[in-house]
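Chain residues, written in single-letter form:
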Amino acid sequence: MTYLLEASQLSAGYGRATILDGIALALPTGAITALLGRNGAGKSTLIKTLIGLLPPRAGTIRFAGHEIASLPPWRIARLGIGYVPEERRIFTDLTVAENLMVGARARDDGRPGWTTAQIFALFPNLAERAHASARQISGGEQQMLAIARTLMGNPRLLLLDEPSEGLAPVIVDEMIAMLRRLRDGGITMLVAEQNLAFAGRLADHAIIIETGQVTWTGTMAALQSAPEIAALRLGV
Amino acid sequence: MSFFLTQTLTGLASASSLFLVAAGLTVIFGVTRVVNFAHGSLCMLGAFIGWSILTRLPRDPAWFALGVLGTAAATALIGAALEIGLLRRIYRAPELFQLLATFGVVLVLADATLWLWGPNDLPLPRPPWLRQFVMIAGSRFPLFDLVLIAIGPLVLAGLLLVFHRTRWGVLVRAATQDRDMVAALGVDQRLLFTSVFALGAGLAGLGGVLALPAGSANLQIDLAVITEAFVIVVVGGLGSIGGAYLAAVLIGVLQAFGVVVLPGATLVLVFVVMAVVLVVRPYGLLGRDRGESRTDAEAVTLQRPAGLWQITAAGIGLALFLAAPLLFGPFAMAIATEMLVAMLFAASLHVMMGPGGMPSFGHAAWFGIGAYGAALLAQNLATPMPLALAGAPILAGLAAFAVGAFIVRLSGVYLAMLTLAFAQIVWAVAVQFVGLTGGDNGVLGVWPADPRGFYYVALGLCVGGVLILRRVLFSPFGFALRAGRDAPARAAASGIDMTAHRLAAFTLSGATAGLAGAIFTYSKGSAFPTYISVSHSVDALIMVLLGGIGSLAGPIIGAIAYTGLFDLLLATDFWRARLGAIIIALVLFFPAGLAGWAERRR
Ligand SMILES: Nc1ncnc2c1ncn2[C@@H]1O[C@H](COP(=O)(O)OP(=O)(O)OP(=O)(O)O)[C@@H](O)[C@H]1O
Ligand SMILES: [Mg+2]
C-alpha cells in the first residue's frame, strides 16, 4: 500500500494545553480514512494541523514527497490538500458562485481540473442558487458548497471535518454517494467523524485518537467486526 | 434655498476627499484587521508628493489629472513598502501593538516629510482653470468642487466594480470575512495583503493630492485627517466601503452647515454625531458584528502580587524620588514630577485596558478634564489647592461615569474609537470655548504656594494613587473584572454584573487620570489643550504597552522609561523620528513590553 500522507511524532496544542502528543498516522492513497475519537479528542485539531492553520510544535508531515510541517496554509493547499472545516466557514458575504471562485485554482501539472460547470453538475442544488447569497442557502447546501469550493482547487487529499453534522438523512445519503464517487475518481480523504454509522458506510480505513495519540488503526471492516473496540475507545 | 444648495454642494465636495481617505482605511482594516494610524500620514505624503509633481508639470487639466494619478501610484508604492517592511511582521500581534507600530510610522513619516519639504505650508499655485466658477442657483460655485463631487461616487463605483467583478476583488471580500479560510484555500495572503495595502495607500494619496487646490500641503494633515477618517470609517461600519461613503457625505454636509450655523462647535458636532450613531447602531451605519478576529488574551498574563525584587525596586525608586529635590535641585524636581504624573496617568489607563479589557485611544480626555477642572476652580472660584486637587478627580470621575454608561458595553476597536471621539470633544471644547478656557492660550498662573512642599504632595498623591489602584485590582472587584474580561459568558453565568464592573473600572480610571491632570496643572502652573490631544492619549498608550500590559508594574516602568526617553529625545533633532523608530523596534522585538521581557528573562 502507498501512502499519500504520513505524519510522525506530531504534537500541537493551544496556549499551554497540549492536544496532540506524538501522533503518527498514514493515509492510504485513493482510500477514505475515518478519523474517529470522542468529543474533544482532538480530531479537528489534527486536521487544522495538517492544513497548517495550527502550526505543529513538533513532528513531521510528509505529503506526496514534500515536508509540509512548517509551511503556511496556502502553500499546503497549493500542494494539493483541500480543507472542509467543521463550521463550514462559507463566505456568507459572497454569492455561491463567488465562493467557488475563491477556491478555484488551476492544476499545477497543466491538466484540466474541475470547471464550474462540472461542479454544478455534481451539485445541482448549487447550480440553481449560483447567484444567491451564500448566507441564504440551507445548511445542507452550505455543506455542499464547502466541499465544492475546496474541489475547485483540485486537491489530491481532502480533509473533511464532520461533514454529516446537522444534515438530514437523505442529504447524508447523497453525500456518501458523492464522496465515494470522488474517491473512485482518485481523491484520497481523511474524514473526522463522531458518527460511527456514517463512518462505517463511507470509509475504507479507520484511525482512532485518544488522549493525544493514535490508539488504533485498521480497516473499517475490522473495526465493525469488533464492536468491543468501538465501545471501549469511542464510548458507543 | 440657494444657501441650502451651495452648502450641500460644498459638503459633498469635502465628502469626496474624506471618502477617498476613509475608503482606503476601511479596506485595509477589513482585510488585514490593522487599524492603520499612519493612514493620515500617507494622505499627507500624497499632498506633498502631489505638490512636488504638479508644480513641475504644465498647468492644464490633462497634466493635472496625470500628476494626480502619478501621486496616487507613488503613495501606493510607499504603502506597499510599508506593508512589506513592517506590517507583515506584526499581523499576529495584539491589535494595540499594531496600532502602536503604525503610530511609530506616523512619527517617522512626520519627520521625514519635514526633512524633505521643510516646515512651511506649500500651497498649490492655482492656474485659471482651477479658479473658475459656475453659477448655480444664482451663486458662484467653484468648478473644481463640482469635479470633486463627481470623483467620490466615481471612485465608489469603481471600487464596487473591482470588488464584485474581479477575482482579486472577490478574494479581498472573502478575506475581509475570514482570512484564514482564504489561506486554507490556497490563496497567497502576502500578495493579497500587500496589494490591498497599496490600494488603500493609493486612495489616501489621491485624497491628499485632490485636497491640494483648496488648501495646502502642510505638516498638520496627518493627525487631522486620521481623526476624521477614523470617525467616518467607524460611523460607516468598519470594512464597509458603501458605509464609508454614506458617512463621509453625512459628516461633510454636516460640517458645511455647521461652519455657518454653529461656527464655534463644528468639531464637537462631528463627534457628537459619531457618538449618537454608535450608541444607536454599535457597528456603524452599514457595518455588522464580525466578532473579534483574535483576542489580546495572549499578551495579558495573570496579575501576580509583587515579588521581592519588585518591592526592592519600588523601594529604591521611592527613595530616589524622595531625595530628588535635595540631591539634584529644581530641574530634577520638575522631571521627577513629570514622571510621577505619567506614572499615575499610565496606571489609570492600565486599569481600564488591562484588567478592564477596555482599550482606550482617548485617555487624555480625563486627564484634561482634571487639569482644566483644577485650573478653572483655582482661577475662577479662587479655590484653595487642596480643594481643587480633590475636586478635579471628582469632575473627571463624573464625566467618565456619564460617558462610560453609554459605551462600556461595546468592545475592542469601537470602544477605543468612542473614547477617542470623546477626547476630541473635550479637546474641541478647550480650543473653541475661548471665553471659559482661554482657547489655545490655555489657563495660566495656577502655581502652588510652595514648590518643594508641592513636590512632596504630588509624590504622595501619585504613589498613593497607584497603591490604591493596586489594592482595588487585587480585591474581589479586581478579580471579578478580570474574570469578566477572560471569560465573559462564564462570569455572567456566575452572577457577576459585568456592565456594572466595567463601568466602575472606567469611572475609577477616569477619576485617577483626572487627579494626574490636576497635579500636572499645578506643577506646570497652567492647563493647555495639548494635554487633551491625540498624541497625549497615545503617550499613555505607549507607556502602558512599553512597560507591558500584564501587570501594574508595567505602566509604572513604562511611564518612567518613556518620560526619561522623551526628555532625552526632545533635546535632539528629529526627535519624532527617533521616538517612532524606537517604538517600532520595541513592538518588533519586545512584544510583551519591558516588564514582560524582564519577567521572562528571570
Ligand atoms: N481554539 C482553541 N483554543 C483552546 N483550546 C481549544 C481550541 N480548540 C479546541 N480546543 C480544545 O482542544 C481539545 C480538542 O478539541 P478538538 O476540537 O480538536 O476536538 P474534536 O475531537 O474535534 O471534538 P468534536 O468532536 O467536539 O469536534 C478540546 O479540549 C478543546 O476544548
Ligand atoms: Mg471537531
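Our subject is the structure that appears above.
These lines cover the structure that appears in this document, whether it is placed above or below. Only a predicted model underlies this, so the values are computations on that prediction, with no experimental measurement involved.

## A short note on the pairing of strand β3 (residues 32–36) of chain A
All names here are of chain A.
Inference 1: Most of β3 is tucked away, with five of its five residues classed as buried.
Inference 2: Neither face of β3 is exposed, since I32, A34 and L36 on one face and T33 and L35 on the opposite face are all buried.
Inference 3: Two strands pair when backbone bridges link them, and β3 and strand β8 (residues 188–193) are joined in this way by five bridges, in the parallel orientation. Residue L36 lies in a different strand from β8, and its bridge partner there is E193.
Inference 4: Bridge analysis of β3 against strand β9 (residues 205–210) gives four bridges, and the strand direction is parallel. The partner of T33 across the bridge, within β9, is H205.

## Considerations on the sheet that holds strand β4 (residues 58–63) of chain A
All names here are of chain A.
Inference 1: Spatially, the four strands line up as an open sheet ordered β2-β1-β4-β5, and their pairing is antiparallel. Two strands in the sheet have a free side with no partner beyond their single neighbour: β2 (17–28) and β5 (66–67).
Inference 2: In this sheet, β2 lies alongside strand β1 (residues 3–14) in antiparallel orientation, the contact comprising nine bridges. The partner of A7 across the bridge, within β2, is L25.
Inference 3: Its contacts with the sheet put helix α1 (residues 43–51) on β1, β2 and β4, and the angle it makes with β1 is roughly 115 degrees.

## Some details on the layout of surface pockets
Residue and element names in this part refer to chain B.
Inference 1: Quantified by volume, the second largest pocket comes out at close to 1,400 Å³.
Inference 2: Lining the second largest pocket are 50 residues, with L223, T530, S533, S535 and H536 sitting closest to its centre.
Inference 3: Here the lining of the second largest pocket is composed, by residue class, of 32 nonpolar, ten polar and eight charged.
Inference 4: Of the domains in this structure, domain 1 (2–280) and domain 2 (336–532) are the two that each give at least three residues to the lining of the second largest pocket.

## Some points on helix α11 (residues 308–353) of chain B
Inference 1: For α11 of chain B, with 46 residues, the first-to-last C-alpha span of 26 Å runs short of the 68 Å given by 1.5 Å per residue.
Inference 2: For α11 of chain B, the principal kink sits at F328 of chain B and spans about 140 degrees; a proline, P330 of chain B, occurs within the next four residues.

## Quick word on the site of ligand 1
Residues and elements named next belong to chain A.
Inference 1: Around ligand 1, the surrounding shell holds 13 residues, and the nearest of these are N39, K43, S44, T45 and Q194.
Inference 2: Between ligand 1 and the protein, one listed contact pairs an oxygen atom with a backbone N or O atom of A41 at 3.2 Å.
Inference 3: Measuring from an oxygen atom of ligand 1, one finds a side-chain N or O atom of T45 at 2.4 Å.
Inference 4: In isolation ligand 1 exposes 630 Å². Once the protein is present, 60% of that is buried.

## Comments concerning the side chain of R149 of chain A
Inference 1: Here R149 of chain A is to be found in helix α6 (residues 139–151).
Inference 2: Polar side-chain contacts of R149 of chain A include one of 3.1 Å to the backbone oxygen of R88 of chain A.
Inference 3: Among all residues touching R149 of chain A, those that are not within four sequence positions of it are P85, R88, R89, I90, F91, N99, L100 and G103 of chain A together with M181 and L185 of chain B.

## Notes on empty space enclosed by the protein
If you roll a probe as big as a water molecule over the atoms, it shows you where there is empty space left.
All names here are of chain B.
Inference 1: Enumeration according to the criterion identifies four cavities of 30 Å³ or more in this entry.
Inference 2: Considered as a void within the structure, the largest cavity measures approximately 100 Å³ in volume.
Inference 3: As for the largest cavity, its lining consists of L54, L57, P58, R59, D60, F64, L124, P125, P127, W129 and L130.
Inference 4: Split by residue class, the lining of the largest cavity holds nine nonpolar, no polar and two charged.
Inference 5: Elements with a minimum of two residues in the lining of the second largest cavity: α4 (95–117), α20 (534–547) and α22 (575–589).

Each value, and the rule that gives it
Residues numbered from 1 in each chain as written. Chains lettered and ligands numbered in written order. Predicted model: local features only at pLDDT ≥ 70, side-chain atom pairs only at ≥ 80, totals over all residues. Heavy atoms only, no water. Buried < 20%, exposed > 50% of the residue type's maximum accessible area, 1.4 Å probe, protein only. Helix = DSSP H or I, 4+ residues; strand = E, 2+ residues; numbered from the N terminus. Pairing = 2+ DSSP bridges. Contact = heavy atoms within 4.5 Å. Axes fitted to C-alpha atoms, helices over the stretch in contact; angles between N-to-C directions. 1 Å grid on protein atoms, 1.4 Å probe; cavity = no way out; pocket = protein on both sides within 12 Å on 5 of 7 lines; lining within 4 Å. Points joined across faces, edges and corners; volume = space filled by probe spheres on them. Nonpolar A, V, L, I, M, F, W, Y, C, P; charged D, E, K, R; others polar. Domains from an automatic or database assignment. Expected span 1.5 Å × (residues − 1). Bend = angle between axes of the 7 residues up to and from the residue. Near = heavy atom within 4 Å. Polar contact = N/O pair within 3.5 Å; in protein donor to acceptor, adjacent residues only side chain to side chain. Areas by Shrake-Rupley, 256 points an atom, 1.4 Å probe, with all protein chains shown as cover.

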